[in-house]
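Here is how the chains run, residue by residue.
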Amino acid sequence: MSDQRVPSDVSSPSISADENEAKIPSKQSFFHKDLEVKWQVYWKEHNVNTVDIQGATKPFYNLMMFPYPSAEGLHVGNMYAFTGSDIYGRFMRMQGYDVFEPIGLDGFGIHSENYALKVGRHPKEHAAISEKHFYEQLHSIGACFDWTRTVETYHPDYYRWTQWVFVQMFKHGLAYRSTAAVNWCNSCKTVLSDEQVLQEEHGIPHAVCERCGNKVEKKSLEQWFFKITAYAGKLLDNIPKLQWSEKVKGAQEKWIGRSEGMTIRFGNLEVFTTRPDTLNAVTFLATSELYEEGSTEKKGEFSGEYAINPLDGRKIPIWKTNYVAPGYGTGIIMGVPAHDERDMEFATKYHIDIIKKDPDPTLWEKIAREGWGKRVTKYHLRDWTISRQRYWGAPIPMIYCETCAKSGSGEQSSMPGWFTVPEKDLPVVLPDIDDYKPRDDGVGPLAKHKEFYETVCPHCGALAKRETDVCDTFLDSSWYYLRYPSVGGSMADQLPFDPELTKKWLPVAMYTGGAEHSVLHLMYSRFVTMALHDFGLLPFEEPFLTFFAHGLVIKDGAKMSKSKGNVVNPDIYIDKYGADALRMYLMFMGPFADGGDFRDTGMEGMYRFIGRIWRLVVSSANIYPEDTDEKTHRQLQMAIARATDDLPKRRYNTAIAGFMEFVNVALTSKKPLSTSDAKDFVTLIAPFAPHIAEELWTKLTTGGETIPEGYVSVHHQHWPMYDKSLLIDSSIQFVIQVNGKMRETISIPKNDGDNQQVIEELARNNEKVKKFLITGPKKIIFIAGKLINFVV
RNA sequence: GCUGAGGUGGCGGAAUGGUAUACGCGCAAGUCUCAAAAACUUGUGGAGAUAAUACUCCGUGAGGGUUCGAGUCCCUCUCUCAGCACCA
C-alpha cells in the first residue's frame, strides 16, 4: 500500500483485485485484525486513553453502567451500550474535555453466583475466569476505557469500602434489623427486595424472581434494612432537577409513589384515604384480613361489627376483604362505592348500600378541625432489604454480642448487642469455603462456619458472633462511581474516595445505561449519595447529572433469548468484520435511545462501507494536497455539520448516514480528496471507527509505515470545524406548489431566493405549472429561499 | 386499568408545519470474469397510462379538524412495545 498512484478514475477500484489478493489475507483491502491489535497495543502502551486524573483542567466523567458477569461473556447488547457511551466520550474529548471513561465488573451477587452454580464452578473461580474474558471482550471493541483504574466489586480492596458504606449507614441510624414478611425465592434460597420481584403474565399479577423466574413467596425473617423511606421525600423532590429522560423520571416518581391523604378514625379503627372529601358517602369499611395477592375477583365477608362515621354518626358495617393491601396506609380503607370503582364492584356484589353524594372539599379541613383524623403523606416506597442468605457477596460488617444485649448496651440504643466491625478491621473477608451453595433454612452458607462467625465483641471483648448474611449486589453498585477516580491513588488504601478527586470529577457528567435500572440501581445510588452527603462526606446530593437510557438490541425482529437461540455473540462479528464495522453497524441500526434490530445482512453492508472509507482515504493520501473538488468539499461540510449536531443528541444513525453520503459523493468525483479534507473526514469518523481512523491518520500525517516519536493520535485531535457558508449551494432548488401540492422545482441562483418577483415570473411561465394556473391565483404564499405556493 | 414511547416502502429506518421514503439492507439488470465470489454502475412506494426516465392519480394505523400547505399540530378511535398495577 506504500506506492500509491493517483487513480485516473477513483470511481473504479483503485487497487486491482490481483494486487489485492496477493498482499492481503482478507477480502477487504486491509486486514482489520492486524489494525485492531496494533492500535489497541499502541494505545495502551502510550496511555492514549488514560486521563491525567490530578491535572485535568476540563474534567468530564463519562460513565457507562458496568456489566455483571452472569454469563459466559458479553452479548451484543452490552457492546451496543458500551459503543454508544464510548462514542459520546470520544466526541467530548475531541471537544477539548479531559474525558474519564472507566470500566469495571459488578461481579459480586446473585447474578454471577447463580451462573457459577449453573456451570458448576466455585463463584470465586468463575469470577477470575469471567474477569479475564469480559475484559478481553471489552478491550476488543476499542473503547477508550482507562484501564489503569478498574473496579471489581468482589475484590477485598473494593468491598472493604462497601462494608464501610454499611457501617456509615448503621452509625447514622439508617440501617436497622426487623422481622418482616419478605420476598423469598425458594430457588435462589434468598430474600429479594421489592424491586427484584417481577410481576408477570398479562393482567394477572404473579410475583416471580427477577433472576430465575421462580414464584416468590412471603416468608417471615429477621433482616437488615436500609431506611430509604427516610429519603422518600427528597428522592422525589430532586427529580425535576435531573437531566434524565421523562420515562425514567416518571418511573421513579411512580415507584416512590407519594400520596397526600388523611388517616381518619372510625371508633377504634383507623383508615387511610386520599379522598377524605368523600367521607359523606362512606357505606362500609374494608380490612385486609383476607388479602390475596394476585386475586382478580373481589371477595369478602361481614365481620358482624360496625363502626361509627364521625361525620354523621351513621353505623358502618365492617367487612373483611381480599382486595385491600396490608402494609399500605393502615391496611383498612373506607368503602365509598359512589366514588371508587373497586368499592362499587364490592358493594354491588354484597348488596351494600350506595350513597350518591357529591364530594365535599371542605371536609379536609373539617376532619382535622374536629379531631376525627389528620393529614398524612404516604409513600409507596418500602425500606431496602440488604440481607442476602447467600455466599457470594460482601459479608455484612456487623457483630452481635449476647453479653452486651443482656446488659442493654449497643452502638445504637435501639439495637442492644449490635456493633459495627471497627473500620480498622475492614474488610471482613469472605472466606473460601466449599459448601457455598444456598441453603433452604433461611440462613446463609457462612452460618455453618464457626471460624468465620466466631469473634470478639468490639465493645466488651466477650465472645460474639458475626452477621453471616451478605450484602445485596445493589449495595456494591450503589457507590462504585465514587471509587473510580481514586483507584490506584495515594489515598486508595485509606479512603473509599479521595475528597479532592471527588470534588474534581463528580458528580458523573454523563451516565449511560439501560432503562431497566430505572427503579433499581438508579434509585439506590441516589439514596446512598444523598445519605453520604448528609453525613458530610460528599459535596453533592445527586450522583448522575445526566442519565441517558439506551435502547434494546433485538435480533431479526425478536427479543434475544437463549431459549430461542438467537443471542448474538459479538466475538464472532468482531473476528469476521472487525470492531469498527461492528461499532458502526450497531450505531447505524437506529437511534441510540431506541435500540435496533440486528441483522447479518446489515452487518455486511457496514463492512462494505468501511472498505469504501479505506479506499477513498488511501487513494488520497499524500497526493496533490491542494487538489479538491468543490462538490465533495461541500458535502464534507454538510457531513461535519450534521454529525456535530447529531452526536450530542446521540443520533448516531443519522450522523453515519451523513458519512455515507459524503463517501458516495467523494467516490464519484474524478479528483482525490485534498489532504485537509481527508484529515477532517478521518477525524470525524474516529469516535465511531477508532482503529481504522488511527491507521488512516498515520497515513495522512506521517505517510510512513512506522509510527514516529511524538506522534499525536487522531483521538487527541480537535473535532473538525466546518464552513457554514458552504452549506448552502450556489444555486437552490426552489419548490413551486399549487394548492400545497408540489408541481415543479426550479433551479435558481442563491441570490434570487428571496426575490418574489423574479420567482413568481419564472413560476407563472413554467410549462408544468401554467396548466394549473388557468384560473388566476387567489393568493400567493412565498417562503424566501424555499417555496412559492399558488392558491387557486 | 394507569404511565410512557410508538405505528412511514419487501425490511432497518430519514424527514426545524414546506419536494415523504434520506442512508442502509434486500431485490433486479449491467460491468469485470472461462465461471463464480468480491467490487463497481444503474434502477427500485403503489396504481394507471405511454413510443417515452412526457404525464395522471393514490399514498406515513383509521376517522375527523386547524392551515395556503400536515408523517409532523388538535380531537376521537385502534393496534404494538416497555414499565407499573386491587396503593384506596
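Details of the structure are given in the entry above.
Residues numbered from 1 in each chain as written. Chains lettered and ligands numbered in written order. Predicted model: local features only at pLDDT ≥ 70, side-chain atom pairs only at ≥ 80, totals over all residues. Heavy atoms only, no water.

I'd like a description of the overall build of chain A, backed by residues and values.
Helices and strands together make up the secondary structure of chain A, namely 25 helices and 32 strands. For chain A, the C-alpha atoms occupy an extent of roughly 95 × 80 × 50 Å along the three principal directions. Buried residues in chain A amount to 55% of all 792 residues. Long-range contacts, defined here as pairs at least 24 residues apart, represent 74% of the contacts in chain A between residues at least 6 apart. Total accessible area computed for chain A in this model is approximately 34600 Å², and 50% of it derives from carbon and sulfur atoms. (Helix = DSSP H or I, 4+ residues; strand = E, 2+ residues; numbered from the N terminus. Buried < 20%, exposed > 50% of the residue type's maximum accessible area, 1.4 Å probe, protein only. Contact = heavy atoms within 4.5 Å. Areas by Shrake-Rupley, 256 points an atom, 1.4 Å probe, with all protein chains shown as cover.)

Let's hear about the sheet that holds strand 23 (residues 463-466): which residues, and what values?
Ordered in space as 21-20-23-22, the 4 strands form an open sheet in which the pairing is antiparallel. The sheet is open, and its two borders are formed by strand 21 (418-420) and strand 22 (454-456), each paired with just one other strand. Averaged over neighbouring strand pairs, the angle between their axes works out to 45° when direction is ignored. Summarising the sheet, strand 20 (residues 398-400) and strand 23 pair through 2 bridges and their orientation is antiparallel. Residue tyrosine 400 lies in a different strand from strand 23, and its bridge partner there is lysine 465. The sheet strands contacting helix 6 (residues 156-171) are strand 20 and strand 21, and the helix crosses strand 21 at an angle near 130°. (Pairing = 2+ DSSP bridges. Axes fitted to C-alpha atoms, helices over the stretch in contact; angles between N-to-C directions.)

Describe the pattern of salt bridges, naming the residues involved and giving the relevant values.
Applying the stated criterion to the full structure yields 30 salt bridges. A salt bridge links lysine 349 to glutamate 297; the shortest N-O distance between them is 2.9 Å. Linking lysine 349 in helix 9 (residues 341-349) with glutamate 297 in the loop between strand 13 (284-287) and strand 14 (300-308), this pair joins segments that are 52 residues apart in sequence. Residue class for glutamate 297 comes out partly exposed when judged on its relative accessible area of 45%. Between aspartate 340 and arginine 342 there is a salt bridge, with its nearest N and O atoms 2.6 Å apart. By sharing partners, the salt bridges in this structure join Asp86, Arg90 and Arg583 into a single network. (Salt bridge = Lys/Arg side-chain N within 4 Å of Asp/Glu carboxyl O.)

Help me get a handle on the side chain of asparagine 789, residues and values and all.
Tracing the backbone shows asparagine 789 in strand 32 (residues 787-791). Its relative accessible area of 11% is what places asparagine 789 among the buried residues. From its side chain, asparagine 789 meets the backbone nitrogen of asparagine 739 in a polar contact 3.3 Å long. (Polar contact = N/O pair within 3.5 Å; in protein donor to acceptor, adjacent residues only side chain to side chain.)

Could you give an account of the pairing of strand 23, naming the residues involved and the relevant values?
The pairing of strand 22 with strand 23 spans 3 bridges and is antiparallel. When the sheet's bridge partners are listed, threonine 455 is paired in strand 23 with alanine 464. In this antiparallel pair of consecutive strands, strand 22 and strand 23, the connection spans 6 residues, and glycine 461 shows a positive phi of 80°.

Account for the nonpolar core, with residues named and values stated.
The biggest cluster of nonpolar side chains holds 179 residues, and the ones touching the most others in it are Phe166, Met169, Trp384, Tyr480, Phe598 and Phe681. One finds Val271, Ile318, Leu363 and Trp372 within the second-largest nonpolar core, a separate group that totals 18 residues. (Core = buried A, V, L, I, M, F, W, Y, C linked by side-chain atoms within 4.5 Å.)

Quick one: what's the story with the protein's contact with RNA strand B, residue by residue and with numbers?
The environment of RNA strand B is formed by 59 residues, the closest being Thr274, Ser295, Arg342, Lys786 and Asn789. Near the protein, meaning within 4 Å, the atoms of RNA strand B are sugar or phosphate in a fraction of 65%, with bases accounting for the rest. Contacts to RNA strand B include threonine 273, whose side-chain N or O atom sits 2.9 Å from a sugar or linking oxygen. Between RNA strand B and the protein, one listed contact pairs a phosphate oxygen with a side-chain N or O atom of asparagine 664 at 3.0 Å. Those elements that provide at least two residues to the surface near RNA strand B are helix 8 (246-256), helix 19 (600-618), helix 21 (652-668), strand 29 (731-738), strand 30 (741-749), strand 31 (779-783) and strand 32. Among the elements that line the surface near RNA strand B, the one with the most residues is helix 21, at 6 residues. (Near = heavy atom within 4 Å.)

Explain the pairing of strand 11 (residues 258-266) to me, and be specific about the residues and the numbers.
With 7 bridges joining them, strand 11 and strand 17 (residues 373-379) adopt antiparallel strand pairing. Looking across to strand 17, one finds that glutamate 260 is bridged to threonine 377. As defined by bridge partners, strand 11 adjoins strand 12 (residues 269-273) across 5 bridges and the pair is classed as antiparallel. When the sheet's bridge partners are listed, methionine 262 is paired in strand 12 with threonine 273.

Just give me the short version of the sheet that holds strand 13, but keep the residues and values in it.
Strand pairing in a sheet relies on backbone hydrogen bonds, with the paired strands running either antiparallel or parallel. If you trace the 4 strands from one edge of the open sheet to the other, you get 14-15-13-16, paired in mixed fashion. The sheet is open, and its two borders are formed by strand 14 and strand 16 (332-335), each paired with just one other strand. The sheet shows a mean angle of 30° between the axes of neighbouring strands, direction not considered. The pairing of strand 13 with strand 15 (residues 315-321) spans 3 bridges and is parallel. Each bridged residue has a counterpart across the sheet, and for leucine 285 the counterpart in strand 15 is isoleucine 318.

Please give an account of the environment of phenylalanine 284 that cites residues and values.
Along the chain, phenylalanine 284 falls in strand 13. Of the residues examined, phenylalanine 284 reaches a relative accessible area of 0% and is grouped as buried. Once residues lying within four places of it in the same chain are set aside, the contact partners of phenylalanine 284 are Ile316, Pro317, Trp319, Tyr323, Ile333, Met334, Gly335, Pro337, Asp343, Phe346, Ala347 and Ile352.

Before we move on, can you summarise the packing of aromatic side chains with the specific residues and values?
By the definition in use, this model includes 58 aromatic pairs. Where tyrosine 158 meets tryptophan 479, the ring centres are 4.6 Å apart and the plane angle is 10°; that geometry is what we call stacked. Of this pair, tyrosine 158 sits in helix 6 while tryptophan 479 sits in the loop between helix 13 (473-476) and helix 14 (480-483), and the two are 321 residues apart along the sequence. You'll find tyrosine 158 and tryptophan 479 in the same group, each marked buried. With 6.1 Å between their ring centres and 85° between their planes, tryptophan 164 and phenylalanine 497 make a pair best called edge-to-face. Linking tryptophan 164 in helix 6 with phenylalanine 497 in the loop between helix 14 and helix 15 (499-505), this pair joins segments that are 333 residues apart in sequence. With a relative accessible area of 6%, phenylalanine 497 lands in the buried category. Here the aromatic residues Phe166, Phe170, Trp224, Phe226, Tyr231, Trp384, Tyr400, Trp418, Phe474, Tyr524 and Phe527 are joined through ring pairs into a cluster of three or more. Its guanidinium or amino end placed over the ring of tryptophan 43, arginine 90 lies 5.8 Å from that ring's centre, counting from NZ or CZ. (Phe/Tyr/Trp six-rings, centres within 6.5 Å; stacked < 30°, edge-to-face > 60°. Lys NZ or Arg CZ within 6 Å of the ring centre and 35° of its normal.)

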